[in-house]
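Examining the three-dimensional arrangement
These are the residues of each chain, in order.
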Amino acid sequence: MEILWVLMALVMLGFVVLPFMRRRSAGIQQVAPGDPDAADPANYGFVRQEALDIRMPGPDQDLLDVLDVVQRTQDYRAAAQLLAGTERDGERRWQRVQAFAGAASLELQQRPGGVSESPGGQWLRVWRTEAPKDAGGAAVHAEFLVQQAWRTSTPGTDEFRIIMEEAKAACGDAALLSPGDPIPYIVELSVARGLAYSRPEFEQLWLKILDRAPEHMGAHLAALHYWCEKWHGSRALAMSFAEAAAARAPQGSLLAAMPLFAVFEHMPEVNLVSGFYQSEVVAKSIHGALYAVHAARPGDPMLAHVRHLLIFFLVRSERWAEAMNQLVHVDGHVGALPWTLTADPAAEFAVYRALAVAGYEANGGSPATLLR
């Protein structure tokens, strides 16, 4: 089925794959638009590409409602109330801190301000001014600075270091306001990567997180970057970190999926080679992630992150039915790896979804046979 990857490459160059895929005994072949045999994701109730939400990996209606209020009114108080009512050491609070910081950073990028216009994200500055002892606002401000550093400057430059040093100080302020809170230290993991903490410094920071939230999946994913080959570690160190996390994962924890994220971070440059996706290390990592998803606690905010990465690997591995089983759980939201690494996350997700549908139907699947 090497033709699948040819098709995917064509789509990425601007061709429309959706109406050209057909189930035949010889495999997946192109057909004319509108052909009754053309595979169509809409037949499965999937959301149209233009309606896919790129902000989050999965639904969080409370967050969306509050973001709408904050950005429409430029009043931070709804955000402060939401964070105050969110479990302190849980995954959802970390995701919401990231979302508020990202919204402010994006606003500032879109409206840098000027003589006659106030800069975007002003509500965050007002939040810190009017409620300097609010731990939620302090955490959002620290994460905002981290995102600004990565968004507006280049690692290794003076500008980048200055912003990251400011972020480091903001993490310390946030930690003082909320003893026992893991979020300021999780934010600092990105600072540690950007400022190239020594391994003893990084491990000391990591111990503070383990003391507060030893099963925090978001923290583990943030720490994984430090150990990757492209930053301050190696392929072996990153995999060792991920496998150790998976080995100590309690029942119901998504940490068993960590090796799959480590594999993703170290994929070969030529990653269309099907043999790589059939390899033992990939198959074993997929198995661990599928087990984690199956055993996960209902409503775990990190579940969607694992499902999205599984879709990527399952499609590449030509495991169509399993990919479809993940798609039905996350379709509609695409704010997760690997889609967010591309210029158009919705389009990238739509390509993989179309391939999953075509492969599923080429092997006898249909909307009637898909388990939900």
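See above for the structure.
Source: prediction; values computed, not measured. (Residues numbered from 1 in each chain as written. Predicted model: local features only at pLDDT ≥ 70, side-chain atom pairs only at ≥ 80, totals over all residues. Heavy atoms only, no water.)

Concerning the overall build of the protein chain
Convention followed: Per the convention used, a helix needs a DSSP run of H or I reaching at least four residues, while a strand needs a run of E reaching at least two, with both numbered from the N terminus. When checking whether two residues touch, look at their non-hydrogen atoms; a contact exists if any pair is within 4.5 Å. Where accessible areas are quoted, they stem from the Shrake-Rupley method and a 1.4 Å probe; at the residue level, only the protein chains shown are allowed to cover.
Within the protein chain, the regular secondary structure consists of 17 helices and 2 strands. Taking the intrachain contacts of the protein chain between residues at least 6 apart in sequence as the baseline, contacts between residues at least 24 apart amount to 65%. Surface accessibility of the protein chain: about 17,000 Å² in total, with carbon and sulfur atoms responsible for 54%.

A few points about the pattern of salt bridges
Here is the rule: Salt bridge, as used here, is a side-chain nitrogen of Lys or Arg placed within 4 Å of a carboxyl oxygen of Asp or Glu. Three exposure classes are used, based on accessible area relative to the maximum for each residue type with a 1.4 Å probe and protein chains only: buried under 20%, partly exposed in between, and exposed over 50%.
For the structure on display, the rule yields 13 salt bridges. Put simply, Arg48 and Glu50 hold a salt bridge, and the shortest N to O gap is 2.7 Å. Take Arg48 and Glu50: they sit in the same class, and that class is exposed. Measuring nitrogen to oxygen at the nearest pair gives 2.9 Å for the salt bridge that ties Asp53 to Arg55. Look at Asp53 and you get buried, because its relative accessible area is 12%. Classification of Arg55 by relative accessible area gives exposed; the value is 56%. Because the salt bridges share partners, they merge into one network encompassing Asp60, Arg92 and Arg96.

Section: the environment of Leu82
Here Leu82 shows up in helix α3 (residues 77–84). Take Leu82: its relative accessible area is 14%, and that puts it in the buried class. Ignoring any residue separated from it by four or fewer positions in sequence, one finds Leu82 in contact with Asp62, Leu63, Val66, Arg96 and Phe100.

Here's the deal with helix α10 (residues 217–227)
Where burial is concerned, most of α10 is hidden: 10 out of the 11 residues are buried. Turning to α10, its buried residues are Met217, Gly218, Ala219, His220, Leu221, Ala222, Ala223, Leu224, Tyr226 and Trp227. Elements that come into contact with the buried residues of α10 comprise α4 (91–110), α8 (183–194), α9 (199–212), α11 (235–247), α12 (258–265) and α15 (303–316).

Here's the deal with the packing of α3 against α4
Filter applied, for reference: To obtain each axis, a line is fitted to C-alpha atoms, and for helices this fit is confined to the stretch in contact; angles are then taken between N-to-C directions over 0 to 180 degrees. An angle counts as roughly parallel when it lies under 35 degrees, as roughly antiparallel when it exceeds 145, as roughly perpendicular when it falls between 65 and 115, and as oblique in every other case. Left-handed describes a crossing in which the near helix is turned anticlockwise from the far one by less than a right angle; the clockwise case is right-handed. When residue character is reported, Ala, Val, Leu, Ile, Met, Phe, Trp, Tyr, Cys and Pro are called nonpolar, Asp, Glu, Lys and Arg charged, and the others, Gly included, polar.
The interhelical angle for the contact between α3 and α4, taken along N-to-C directions, is 165°, at an axis separation of 10 Å. Classified by the interaxial angle, the pair formed by α3 and α4 is roughly antiparallel. Crossing geometry of α3 relative to α4 is assigned as left-handed. Touching Ala79, Leu82 and Leu83 of α3 are Arg93, Arg96, Val97 and Phe100, all from α4. Within the contact of α3 with α4, the residues separate by chemical class into 5 nonpolar, no polar and 2 charged.

Quick look at the side chain of His216
The condition that has to hold: In the analysis that follows, any N or O atom pair within 3.5 Å is treated as a polar contact, provided that within protein one partner can donate a hydrogen and the other can accept it, and provided that, for residues neighboring in sequence, both atoms belong to side chains.
Structurally, the position occupied by His216 is in the loop between α9 and α10. In this structure the side chain of His216 is engaged in a polar contact, spanning 3.5 Å, whose partner is the backbone oxygen of Gly90. Only 3.3 Å separates the side chain of His216 from the backbone nitrogen of Gly218, close enough to count as a polar contact. Every residue in contact with His216, bar those within four places of it in the chain, is listed here: Asp89, Gly90, Glu91, Trp94 and Ile186.

Scope: geometric values only; no functional claims are made or implied.
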